[in-house]
Amino acid sequence: MKTSIIRNVAFAILILFVAGCDEDAFVKIIEVEQADFPPKLAVRAILDTDNGGTFTFSMTEAHSIGYYETFKAEQQNIVHNGTVRLFENDSTIFSSSGEFNISGMNYTFHNISAVAGRTYRLEMDIEGYDKATATAVMPDAPLISDLFVDVEHPVKKNNIRYVPSLSTNAAYDFSSYYVPFSLNITDNTSSPDFYSFQIEYYSIVKYEYEGYDLVEDTITGLQSIYTSNLALIQDNPDVESADLMMEGENVDLYGFGLMMLTDATFANTDTRLDLYCSEDIVPGKESYPGPYDDKSSGEQLVRNTLIVGHHTEEAFKQYRSMVFQLAGLGFFSEPVYITSNMENAYGGFSVQNTVRIVLFEAKVEYP
C-alpha cells in the first residue's frame, strides 16, 4: 500500500513538471545546411563476353536535395551531346558520339572485344556533366563441365520459395515436378569469385496456313533455376536481404530468375553442383503446343540454355548494396552505402565473362 502511494505521488509530480514547462523545452532545432550541387550522371554500364561481346549502358541525372525546392519534375526527357568511349589496355575499341538520352534509355552494342585478364576503361564525356570514368578487369570464363540433365526422373517438390532478384523476378510456374541437373564448376583462383546462374528459354514456331504466308513466332525469356542447397546461396544478396536463411527447414526449393552466389562453399576446388528446373520447360511437354488447326503445318524449335556469368568483386558489392537499399532500412539499421567504381559520377561499370550451355533442345513437326 505504501509503495502504491509513493508511485502515485511520483507520477503526479512528473505530470506537474511536464505541464509547467515551456512547450519548447524539449525541442532542439538543428540547423542543417541543405546540400546543393550540380547534377551528376548516374551510370549503369556492362561489358559482357556474351554473344561475341556486348556493351550496354544507360544514364540518368542525379540531383541534390536542393534541386527538389525547384518543384521540377524528376522524370524528364533529357538529351545531351557527348561521346562514350571504351578502352582495352589503353587502346580504343569503341567510340560513339552524338545525342544521348539521359533519362534511363538503354544503349546496346554488339561485337565489342572482351578478353579475360584485360583492363577496360569507360569514359563518358557528356555535355553539362563532369567526365565520368571507371576501370575494371575482365575475369576468366567460368569453368563448367560434365553437365547432366535427368529428364527421365523428375522429382516432386511442394514447398517452393521464389526469390525476386534486383534485375528480374523469378519465373513462377505451376509445376509440382522438377527436373534435376548437375554440373562441375572449377574454381581455381586464390581470390574470392562471384557467379550468376540463369536459364534462358527460346522458342520459334514456323507454320503455314491455307491461304496465308509462312508465319514465324519467336519467344524468348527467363525461366526459374532452383536449388535445395541453402549453403550454396548463403551469401546471395536477395536471400540475405529478405532474411530467408531461417526458412531452410520448411522450403524444398529456392527459385531464382537470377541466382547470384560466391565461391564460399567451393573455393579452389572442382565441385559438383546439384540444381533443378521446372518440368514444364522440358521440350516436348504439353506447354509447347503447335498450331491446333488441321489446315496448318510447320515446326517448332525449343531451346533452354544455362547462362553462367563470372563477375568482378566490385560488381557483386554494388549489386548487394543496391539490393539492401531497395529492401528498406529498419529504424535501428545502419545506412546502406551504394558501392560505385565511377569517378565524377554515381553507379557502376562492370565487366563479366559469360558462358552458355544448352540444357535441352528439341524440334517438333506439325500437323
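Before reading further, recall that the structure is shown in the block above.
Here the structure is a predicted model, which is why all the values come from computation and not from measurement.

Caption draft 1: Expanded view of the overall build of the protein chain. A tally of helices and strands in the protein chain yields three helices and 19 strands. By the burial criterion, 41% of the 367 residues in the protein chain qualify as buried. Expressed as a percentage of contacts within the protein chain between residues at least 6 apart in sequence, the contacts between residues at least 24 apart total 73%. Accessible area of the protein chain: about 20900 Å², with a carbon and sulfur share of 50%.

Caption draft 2: Region of the structure containing the packing of aromatic side chains. Applying the stated criterion across every chain, the model contains 11 aromatic pairs. Where Phe-57 meets Tyr-107, the ring centres are 5.3 Å apart and the plane angle is 20 degrees; that geometry is what we call stacked. With Phe-57 in strand E2 (residues 54–62) and Tyr-107 in strand E5 (residues 107–110), this pair connects stretches of sequence that are 50 residues apart. Assigned by exposure class, Phe-57 and Tyr-107 land together as buried. Note on Tyr-178 and Tyr-226: the rings are 5.0 Å apart at their centroids and 65 degrees apart in plane angle, and the pair reads as edge-to-face. Taken as a pair, Tyr-178 in strand E11 (residues 177–186) and Tyr-226 in strand E14 (residues 225–227) lie far apart in primary sequence, 48 residues in all. Classification of Tyr-226 by relative accessible area gives buried; the value is 0%. Aromatic ring contacts, followed pair by pair, group Phe-55, Phe-57, Phe-94, Phe-100, Tyr-107 and Phe-109 into a single cluster. Above the plane of the ring of Phe-87 lies Arg-121, whose end atom (NZ or CZ) is 4.1 Å from the centre.

Caption draft 3: Up close: the side chain of Gln-352. Summarising the element assignment, Gln-352 is placed in strand E19 (residues 345–366). Apart from residues no more than four positions distant in its own chain, Gln-352 is found in contact with Ile-46, Leu-47, Asp-48, Thr-49, Met-138, His-310 and His-311.

Caption draft 4: Just the pattern of salt bridges, in detail. Scanning the model with the defined rule gives eight salt bridges in all. The partner of Glu-88 in a salt bridge is Arg-118, and the shortest N-O contact between them spans 3.0 Å. Note that Glu-88 is positioned in strand E3 (residues 79–88) and Arg-118 in the loop between E5 and strand E6 (119–126), a separation of 30 residues in sequence. The buried category is assigned to Glu-88, whose relative accessible area is 10%. The shortest N-O distance in the salt bridge between Arg-356 and Glu-200 comes to 2.9 Å. Here Glu-200 lies in strand E12 (residues 194–209) and Arg-356 lies in strand E19, a separation of 156 residues in the sequence. By relative accessible area, which is 21% here, Glu-200 ends up partly exposed. A single salt-bridge network, built from bridges that share partners, covers Asp-50, Glu-200 and Arg-356.

Caption draft 5: The side chain of Asp-48, seen in detail. Looking at the secondary structure, you find Asp-48 in strand E1 (residues 40–48). In this structure, Asp-48 is buried with no salt-bridge partner, the nearest side chain bearing the opposite charge being Arg-356 at 7.5 Å. Here Thr-354 takes part through its side chain, which lies 2.7 Å from a polar atom of the side chain of Asp-48. If we skip the residues at most four places from it in the chain, Asp-48 touches Gly-53, Thr-54, Ala-114, Gln-352, Asn-353 and Thr-354.

Caption draft 6: Focus on the environment of Asp-252. Mapped onto the secondary structure, Asp-252 falls in the loop between helix H2 (237–241) and strand E15 (253–256). Classification of Asp-252 as partly exposed rests on a relative accessible area of 27%. Separated by 95 residues in sequence, Asp-252 and Lys-157 have C-alpha atoms that sit 6.2 Å apart. If near-sequence neighbours (up to four positions away) are discounted, Asp-252 is found in contact with Lys-157, Asn-158, Asn-159 and Ser-228.

Caption draft 7: Representation of unusual backbone geometry within the structure. A positive phi angle, near 60 degrees, is found at Asn-111, a position not held by glycine. Tracing the chain through its elements places Asn-111 in the loop between E5 and E6. A residue is classified by how much of its surface remains accessible, and Asn-111, at 65% relative accessible area, is exposed. With a phi close to 65 degrees, Asn-344 is a non-glycine residue in the positive phi region. By secondary structure assignment, the location of Asn-344 is in the loop between helix H3 (313–327) and E19. A residue is classified by how much of its surface remains accessible, and Asn-344, at 42% relative accessible area, is partly exposed.

Caption draft 8: Highlighting the pairing of E11. Within E11, eight of the 10 residues are buried, which leaves it mostly tucked inside the rest of the structure. As paired elements, strand E8 (residues 143–149) and E11 share five bridges and run antiparallel to each other. By the bridge assignment, Ser-145 is partnered in E11 with Asn-184. Note: strand E9 (residues 155–156) against E11, two bridges, orientation antiparallel. Bridge pairing links Lys-156 to Tyr-177 in E11.

Caption draft 9: Geometry of the nonpolar core. Phe-181, Leu-183, Phe-197, Ile-225 and Leu-306 are the most contacted members of the largest nonpolar core, which totals 30 residues. Listed by contribution, the elements that provide at least two residues to this core are E8, E11, E12, E15, strand E16 (259–262), strand E17 (270–278), strand E18 (296–311) and E19. Those residues in contact with Leu-306 that sit more than four places away from it in its chain are Phe-181, Leu-183, Phe-197, Gln-198, Ile-199, Ile-225, Val-355, Arg-356, Ile-357 and Leu-359. Within the second largest apolar cluster, 29 residues are counted, among which are Phe-55, Ala-114, Tyr-120 and Ile-126.

Quick notes on the rules
Residues numbered from 1 in each chain as written. Predicted model: local features only at pLDDT ≥ 70, side-chain atom pairs only at ≥ 80, totals over all residues. Heavy atoms only, no water. Helix = DSSP H or I, 4+ residues; strand = E, 2+ residues; numbered from the N terminus. Buried < 20%, exposed > 50% of the residue type's maximum accessible area, 1.4 Å probe, protein only. Contact = heavy atoms within 4.5 Å. Areas by Shrake-Rupley, 256 points an atom, 1.4 Å probe, with all protein chains shown as cover. Phe/Tyr/Trp six-rings, centres within 6.5 Å; stacked < 30°, edge-to-face > 60°. Lys NZ or Arg CZ within 6 Å of the ring centre and 35° of its normal. Salt bridge = Lys/Arg side-chain N within 4 Å of Asp/Glu carboxyl O. Lys, Arg positive; Asp, Glu negative; His and termini not counted. Polar contact = N/O pair within 3.5 Å; in protein donor to acceptor, adjacent residues only side chain to side chain. Pairing = 2+ DSSP bridges. Core = buried A, V, L, I, M, F, W, Y, C linked by side-chain atoms within 4.5 Å.

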